[in-house]
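Secondary and tertiary structure notes
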Amino acid sequence: MALLEIRDITKSYQNHPLLSGISFSVEKDETVCLLGPSGGGKSTILRIIAGLETAEDGQVLWQGRIINALPSYLRKFGLMFQDYALFPHMNVRENVAFGLRMQKMPDNKIKESVTEALDLVNMGNFADRRVTDLSGGEQQRVALARALAPQPQLLMLDEPLGALDRTLREKLGAELRGLLRKMKIPAIYVTHDQQEAFSIADRILVLHQGRIVQTGTPFEVYSLPASPWLATFFGMDNQIHGIVKKKTPLTVTTDFGEFACACPQGEFHKGEQVILVFKQTGAEVSKNVRKQNLLEGQVAESIFSADRFKTKVLLENDIGFEFLLDNEIKTGQNIHLFISPDSILCFGNSA
Amino acid sequence: MGVFYFFPLGKLVSLSFPHPGSALNKSTNWKIIGGAAGFTFLQAGLSTVLTVILGLPAAYLFGRFNFTGKNALRIASTLPFILPTVVVAAGFNALIGLKGWLNLALMGILGASEPLINIQNSLAAILLAHVFYNTSIVIRVVSSALAQFDRKLEDAAQTLGASPWKTFAKITLPLLMPSILSAVLLVFLFDFTSFGVILMMGGPRFTTLEVEIYIQTMQFLNLPLAGILSLIQLGITMLVTFLLMRMGDGGIGVPVMPRLQQESLRNPVRGWEKVFTSIMVILLLSLLISPIVSLVFRSFSVAAPAIGEGLVEKMHLSLNYYRELFINRQQSLFYVPPIGAVLNSLRFAGTSALISLSLGLMLAYGLVSGKNLRWINLLMMLPLGTSAVTLGLGFFTAFSGGVGLQKWVGLLIPLAHALISLPFILRVVQPALRSIPVNLKLAAQSLGAKPLDVWRFVELPIIWRALMTAAVYAFTISLGEFGATSFLSRPDTPTMPVAIFRYLNLPGSSNYGQAMAMAVIILFVCVVSMAFLDRLQFNLPSGTK
């Protein structure tokens, strides 16, 4: 039995459907990541689980028991808010102690737990500081300590790194990952940033237009996105239309030639309209002329990125594709690129 | 400012102390002082408590819920900010006075020959009028804090195990405390310095410090005692004003997060929320609207029979009371037809607006161009904490001797009014001036504009709206001002508020009706001014009376 189960949650906002039939579950010791564009209702899912909002339809189950009617303050789910929501009239210690005081824990034990929680996030020296004097990163740690201190049965994090600058985001992201592994606490992590999701999640749920459109490990989700939209979402913008020429091995005819494709997302029959997605990493400059999987174009720019060169290639009709190539190529040069069948995804037109 | 604020106040001080023995040794004087001070605190305290009891739930209603009629209620709640005390007093009189609607209706229904409700000239009437005035202040201050309140703080508390009640007690209330406290202080200040309301709603039985000052001056000509009373009054109001300003400076504000304003508002869903909303809407509407509506209707309804045989059916609509305003009757209190009071008021208001606008503009320029003139800024706000009566008395004592009040009255009243409206004017004009970037003027100069051209083509168009707003303020404040005017006006140059006060104190339904008619005229001008200001889209600074 799953620890937490969400069944068919439906919710609308100002008469527009926000969530339509969301179902998923969280197992013991698992970090699940809700990934999706901003404004897609991810936070609302957390708020419904936390009991701060009610769904129009569907159930929230904890250890098999429906808890829809259980008020928020009895659920013992920790929620860390996007902008932290630290109580401005309390200092750091009082903020962290708040949940423990609500549990009517004796004072000496509260003190112990608060120290422990603050040490966990490396904020031990800040106990008596005013929260309004803290930097963004420090506030983030205090918010985490406050959510962890009452030892919640489930931890929910709403864009916990969203308000921080990039360097800090990477540093605190790593700390957070370590902490979640160490605490063995089931967690739901909400973010719009795929890198963040990939680095922290055991399992990713991608949310699009109020539905979960793909579930899987970070590797599964990224290597085999389930739709052209997902491919675009992950930054795979090299997409062209084509028609299936042969079913096995899958061969597709396009305006730019014939392509063999090793990663079909579904079953296709001959003559069917499909969309091909070329991953950025699957191309190499080809000297020999081939019949298949060959793109011809002119280099528009070649920019050094990490240890490779991000190369923009203009095809016919001024369509521009981007590939990561090993060597720099002069702007204006005509090249042939071999696209490995393993790096070509094929989707049905309706997907 | 020096001459017309500090000189009169200085005169007050010297007045009180030349023969301290003579004024202070008499035990009757101490009794008077003690009694007046005691009642002032009592009524102000009670009024404040009642206002807060009604105001806090009302603020919660405004800050948390969307409901039908919210806009209407919001507009209604700005009414007390602009209505002069005489108008409100007349309004309540028209509603619950001996000749008011409620009594007329009850007498009609029950066939009684005597008015059944007699809270006129009672503490209850005073409290009611104060609650009418100041509930809006609590609503404004607290509900805006509530509306900006970050709801996530409450959500966070709940996920940490705090029940709704605990959340309110530990999070919401402590964070709203600064705004609640400043609302309470503001309300107390207004209740404490209330003059017209006490005089007109309380009748002769009740004397606050303000009223006692008036009585000692106008009836007993005991200026030293009036001076002492004024100083006591001044000391206390200064203290409260000082506290208020300190709160504005240093308190922890409500956490204002950059977020949608509407986020914290929602429709009432649960049963108690709906009941609460309906009850509050009805309560507030009847409190805020009914005196005004009764006033307007009463001014158009002529009661045929004398009071005692009064039946509602015999009343008919008529413009009689308005016509009466143009007739100079023999038995009338004034040497001029009542319409003269209207003209006086308008003339004074115009002059006062001119004086305070030019004074305010000069001061504002001085303040904006000056380097660190914070203390001057504070100084300029002092008249805000000085009651109108104290100011009136100061003027009375300072300028009446020798020259004779009569000669000066044409200028003294507008001057006093100008001083009263000066803080408000500064609050409107100063930010507008400050909003003009220096570069703008430099740019104009570099394009060849002479200093006067810079002012005409750059500065004036930018501050134009603020100036108009300020002028309308000064005008309406002057039009309704009663406290200071009551000391300075002469029988042959009454203003509308003074005339209304005298009419209300006279027997006879014609006098009563004329008071109503005049009050409606002021009401009309105030409402038109507000509509005009609304067009100009300037926010009212809170607490304009």
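Residues numbered from 1 in each chain as written. Chains lettered and ligands numbered in written order. Predicted model: local features only at pLDDT ≥ 70, side-chain atom pairs only at ≥ 80, totals over all residues.

Our focus in this paragraph is the overall build of chain B. The secondary structure content of chain B amounts to 24 helices and two strands. Evaluated residue by residue, chain B yields a buried proportion of 46% over its 545 residues. The contacts of chain B with a sequence gap of at least 6 include a subset with a gap of at least 24, amounting to 81%. (Helix = DSSP H or I, 4+ residues; strand = E, 2+ residues; numbered from the N terminus. Buried ≥ 20, exposed ≤ 12 C-beta atoms within 10 Å, placed from the backbone. Contact = placed C-beta atoms within 7 Å.)

All right, on to the pairing of strand β10 (residues 211-216) of chain A then. All names here are of chain A. Strand direction decides the pairing type here: strand β9 (residues 203-208) and β10, joined by five bridges, are antiparallel. The residue bridging Val 206 from the neighbouring strand is Gln 214, located in β10. From the end of β9 to the start of β10, which pair antiparallel, there are two residues, and Gln 209 there has a positive phi angle of about 50°. (Pairing = 2+ DSSP bridges.)

To continue, consider the interface of chain A and chain B. Counting residues at the interface gives 18 residues for chain A, matched by 19 residues for chain B. Split by residue class, the side of chain A that touches chain B holds twelve nonpolar, five polar and one charged. (Nonpolar A, V, L, I, M, F, W, Y, C, P; charged D, E, K, R; others polar.)

So, on to the sheet that holds strand β18 (residues 308-314) of chain A. Residue and element names in this part refer to chain A. Strand order in this open sheet of five strands is β16-β20-β17-β18-β19, and the pairing throughout is antiparallel. With partners counted over all chains shown, the strands left at the sheet margins are β16 (283-285) and β19 (320-325), one partner each. For this sheet, the mean inter-axis angle between neighbouring strands, taken without regard to orientation, is 50°. Here seven bridges tie strand β17 (residues 294-305) to β18, and the two strands are oriented antiparallel to one another. (Axes fitted to C-alpha atoms, helices over the stretch in contact; angles between N-to-C directions.)

Turning our attention to the packing of helix α8 (residues 151-159) of chain B against helix α9 (residues 164-192) of chain B. Residues and elements named next belong to chain B. At their nearest, the axes of α8 and α9 sit 10 Å apart, and the two run at 140° to each other. One finds that α8 runs oblique with respect to α9. Between α8 and α9 lies a crossing whose hand is right-handed. Between α8, through Leu 153, Glu 154, Ala 157 and Gln 158, and α9, the contact on the second element is made entirely by Thr 167, Lys 170, Ile 171 and Thr 172. (Parallel < 35°, antiparallel > 145°, perpendicular 65-115°, else oblique. Left-handed = near helix turned anticlockwise from the far one by under 90°.)

All names here are of chain A. Residues Thr 248 and Pro 249 are joined by a peptide bond in cis, for which omega reads -15°. Checked against the element boundaries, Pro 249 lands in the loop between β11 (239-246) and β12 (251-254). In this structure, Ala 85 is a non-glycine residue whose phi angle is positive, near 50°. Relative to the elements of secondary structure, Ala 85 occurs in the loop between β6 (77-80) and α2 (92-102).

Right, let's talk about the sheet that holds strand β14 (residues 263-264) of chain A for a bit. All names here are of chain A. Read across the sheet, six strands follow the order β13-β12-β11-β15-β21-β14 without closing on themselves; strand pairing throughout is mixed. Looking along the sheet, the strands with just one partner apiece sit at the ends: β13 (257-260) and β14. As paired strands, strand β15 (residues 273-278) and strand β21 (residues 344-348) are joined by five bridges and run antiparallel to one another. Following the sheet pairing, Val 277 is matched in β21 by Leu 345.

Burial within helix α1 (residues 42-50) of chain A is extensive, with eight of its nine residues counted as buried. Taken as a whole, α1 of chain A has its buried residues at Lys 42, Thr 44, Ile 45, Leu 46, Arg 47, Ile 48, Ile 49 and Ala 50 of chain A.

For soluble globular proteins, nonpolar side chains are generally found buried alongside one another. Judged by nonpolar contacts, the single largest core of 230 residues is most densely connected at Ala 90, Ala 129, Ile 500 and Ala 519 of chain B. Ranked by the residues each element gives to this core, the list is headed by helix α7 (residues 123-147) of chain B, at 15 residues. Counting contributing residues per domain, this core is built from domain 1 (4-226) and domain 2 (232-348) of chain A, each supplying no fewer than three. (Core = buried A, V, L, I, M, F, W, Y, C linked by C-beta atoms within 7 Å. Domains from an automatic or database assignment.)

To continue, consider the environment of Glu 5 of chain A. All names here are of chain A. Turning to its location among the elements, Glu 5 is positioned in strand β1 (residues 4-13). Expressed as a C-alpha distance, the spacing of Glu 5 and Gln 63, which sit 58 residues apart in the sequence, is 7.9 Å. Among residues more than four places away in sequence, those in contact with Glu 5 are Ser 25 and Leu 61.

With that out of the way, let us pick up the pairing of strand β20 (residues 334-339) of chain A. All names here are of chain A. The pairing of β16 with β20 spans three bridges and is antiparallel. When the sheet's bridge partners are listed, Glu 284 is paired in β20 with Phe 338. Bridge analysis of β17 against β20 gives five bridges, and the strand direction is antiparallel. Within the sheet, the bridge partner assigned to Leu 294 lies in β20 and is Phe 338.

We now examine the environment of Val 368 of chain B. Residues and elements named next belong to chain B. Within the secondary structure, Val 368 sits in helix α15 (residues 339-369). Since 16 C-beta atoms lie within 10 Å of it, Val 368 is described here as partly exposed. Sequence separation between Val 368 and Arg 434 is 66 residues; the distance between their C-alpha atoms is 6.3 Å.

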